[in-house]
Amino acid sequence: MTKIIAVTNQKGGVGKTTTCTGLCGGLAELGKKVLAIDLDPQGNLSFSLGVEVEDNFTIYDVMKGNCDIGDAIIHGDICDVVPSNILLSGLELEMTGVGREYVLREQIGYVKKDYDYIILDTPPALSVLTINAYTASDELIIPMLCEVLSLQGIAQLRQTIFAVKRYYNKQLTVRGILLNKYNPRLTLTKEVEELAQMIADQLDTTIFKTKISASVSIAEAPAHGESIITYAPNCRAAKEYKSFIKELISPPAKESKPEKIQKKQKSSGDGK
Ligand SMILES: Nc1ncnc2c1ncn2[C@@H]1O[C@H](COP(=O)(O)OP(=O)(O)O)[C@@H](O)[C@H]1O
Ligand SMILES: [Mg+2]
């Protein structure tokens, strides 16, 4: 079954696009059919995945109803991509119709069967595009920097996620928080990790066991139109991304189940 995952955090520069590129590269290397959808007007994902937009349709056209999503797909070297461009920045004001939250979900429905994973990169805002991404997704991944400032704004993020769950997409789950630019030797990192755990609790989720270190290769890879997985396969960050993907594609641990079974056995035992 196709899994649709949005990488989200309304803060810029936390590693959303980097995470999407790493995910697409790593999943493609495992032989998965991957579609990347760039929902950020800056078009960083399209660039990082090495696709040239030129006069191709973009996600802007898809959202505006100028074309179907299939017409906007570019077959890139790493994976298929629905690119973005700067026109997308005006979309918020242009999308006013009833049902505007569901446009992306409906469009993804047309091509879903062709892919194992659909990865959505989101803009640094809680906008109509973000709501569309959450409405269309099965799971959210939240990258977060190990800095105190990265904790600001989490309350709004939480509100948005819970509102989408309530009104548009009951199935949505927060799969986990991915700590980025992680350095276990810094005291601050430990403090942030503790706070991140509190945030994870508030969002009904966990922190991924795998953390991503700061890495020069991560910063270099986009200029080569490659994911970290192929650009520097032996570097630490590439290995971390692979282990993150392993964690992601294995079913999430259901911690509460054994407890429930125990309780049931206990109560049925008591009844005898
Ligand atoms: N783990 C990392 N190590 C080094 N540089 C990183 C790392 N993660 C992200 N970066 C760099 O930080 C900048 C912001 O990352 P990006 O993925 O574009 O964030 P966002 O999409 O959340 O705005 C980019 O220049 C990227 O190359
Ligand atoms: Mg980005």
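In what follows, the structure referred to is the one given above.
We now turn to the structure provided with this report. Since we're looking at a predicted model, the values are computed, not measured.

1. Things to note about the overall build of the protein
- Of the regular secondary structure elements, the protein holds 12 helices and seven strands.
- In terms of C-alpha radius of gyration, the protein reaches 19 Å, essentially the compact-globule figure of 19 Å for 272 residues.
- The proportion of buried residues among the 272 residues of the protein is 49%.
- Excluding contacts between residues fewer than 6 apart, the proportion of contacts in the protein whose partners are at least 24 apart in sequence is 78%.
- Accessible surface for the protein amounts to roughly 13700 Å². Of this, 51% is attributable to carbon and sulfur atoms.
- Each charge sign in the protein was given a centre, from 31 positive and 33 negative side chains, and these centres are 12 Å apart.

2. Some thoughts on helix 11 (residues 236-249)
- A rise of 1.5 Å per residue sets the reference length of helix 11, with its 14 residues, at 20 Å; its end C-alpha atoms lie 20 Å apart and thus fit the reference within 8%.
- On its buried side, helix 11 packs onto strand 1 (3-7), helix 1 (16-29), strand 6 (139-145), strand 7 (173-180), helix 9 (216-220) and helix 10 (228-231).

3. Looking at the site of ligand 1
- Close to ligand 1 lie 15 residues; Gly13, Thr17, Thr18, Asn180 and Ser215 are nearest.
- At 2.8 Å, a side-chain N or O of Thr17 approaches an oxygen atom of ligand 1.
- One of the backbone N or O atoms of Ser213 is found 2.9 Å from a nitrogen atom in ligand 1.
- Coverage of ligand 1 by the protein chains reaches 78% of its 560 Å² of free accessible surface.
- Among the secondary structure elements, those contributing two or more residues to the shell around ligand 1 are helix 1 and helix 9.
- For the shell around ligand 1, the element with the most residues is helix 1, which contributes three residues.
- Of the residues belonging to the shell around ligand 1, the class tally is five nonpolar, eight polar and two charged.

Conventions and cut-offs
Residues numbered from 1 in each chain as written. Chains lettered and ligands numbered in written order. Predicted model: local features only at pLDDT ≥ 70, side-chain atom pairs only at ≥ 80, totals over all residues. Heavy atoms only, no water. Helix = DSSP H or I, 4+ residues; strand = E, 2+ residues; numbered from the N terminus. Rg over C-alpha atoms; globule rule 2.2 N^0.38 Å. Buried < 20%, exposed > 50% of the residue type's maximum accessible area, 1.4 Å probe, protein only. Contact = heavy atoms within 4.5 Å. Areas by Shrake-Rupley, 256 points an atom, 1.4 Å probe, with all protein chains shown as cover. Lys, Arg positive; Asp, Glu negative; His and termini not counted. Charge placed at Lys NZ, Arg CZ, Asp CG, Glu CD. Expected span 1.5 Å × (residues − 1). Near = heavy atom within 4 Å. Polar contact = N/O pair within 3.5 Å; in protein donor to acceptor, adjacent residues only side chain to side chain. Nonpolar A, V, L, I, M, F, W, Y, C, P; charged D, E, K, R; others polar.

Note that all results are geometric; they support no functional claim without further evidence.
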